[in-house]
Amino acid sequence: MINIFRGYVRTKDKKPIQKFKDVDTLLSLEEASEFDEYAGILNDEYVVMDVDDKVEADKTFDLIKHLGLNCKVVQTSRGKHFIFKKNEDLHLKGTTKNINALGITFDIRIGVNQYIVVKYKGVVREVLQDFDESRPID
């Protein structure tokens, strides 16, 4: 199983309520899953493209399926998270309100001090497409 997180933190209304920057000890998945809401802290190998507009997120997912990209796709309350392997040439920090060549607005979460909500209001977010571990991750 591919683990994109270095650990987990409790959240409230999608905001962390415990420190995770420069912290060695984070919650395990087993510990975090006891709470109604928590987020995963990304490890440095992965990048998340967060598309909050439902129509744009659906278009992005259709394109990913059409191209056969090996990434993880998670349904969010407003759109979708698209999780890819970080390119070794990518040295950005997380940014918001980016617009790609297709006109789709998205946020980027990258690096060890970025998080994504995994469970919100007692419900674990649905994985729509998981990594195919038999081939390289895009």
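Source: prediction; values computed, not measured.

## So, the nonpolar core
The nonpolar side chains of a soluble globular protein tend to be buried, and buried together.
Right, on to step 1. Within the largest apolar cluster, 15 residues are counted, with the highest numbers of intra-cluster contacts made by Ile4, Phe5, Tyr8, Tyr46, Ile83, Ile116 and Phe131.
Right, on to step 2. Elements supplying a minimum of two residues to this core: strand E1 (5-12), strand E3 (38-42), strand E4 (46-51) and strand E9 (115-120).
Right, on to step 3. Residues in contact with Ile4, not counting those within four places in the same chain, are Ile41, Leu42, Asn43, Tyr46, Ile83, Ile116 and Phe131.
Right, on to step 4. Core analysis: the second largest hydrophobic core is formed by 14 residues, Met49, Val73, Phe106 and Ile110 among them.

## Side note on the packing of aromatic side chains
Right, on to step 1. Scanning the entire structure with this criterion turns up four aromatic pairs.
Right, on to step 2. Between Tyr8 and Tyr38, the ring centres sit 5.7 Å apart and the planes meet at 80 degrees, which makes this aromatic pair edge-to-face. With Tyr8 in strand E1 and Tyr38 in strand E3, this pair connects stretches of sequence that are 30 residues apart.
Right, on to step 3. Owing to a relative accessible area of 8%, Tyr8 belongs among the buried residues under this scheme.
Right, on to step 4. Owing to a relative accessible area of 3%, Tyr38 belongs among the buried residues under this scheme.

## Focus: the environment of Val47
Right, on to step 1. Residue placement: Val47 occurs in strand E4.
Right, on to step 2. In this structure the C-alpha to C-alpha distance between Val47 and Ile108, which are 61 residues apart in sequence, comes to 7.0 Å.

The rules behind each value
Residues numbered from 1 in each chain as written. Predicted model: local features only at pLDDT ≥ 70, side-chain atom pairs only at ≥ 80, totals over all residues. Heavy atoms only, no water. Core = buried A, V, L, I, M, F, W, Y, C linked by side-chain atoms within 4.5 Å. Buried < 20%, exposed > 50% of the residue type's maximum accessible area, 1.4 Å probe, protein only. Helix = DSSP H or I, 4+ residues; strand = E, 2+ residues; numbered from the N terminus. Contact = heavy atoms within 4.5 Å. Phe/Tyr/Trp six-rings, centres within 6.5 Å; stacked < 30°, edge-to-face > 60°.

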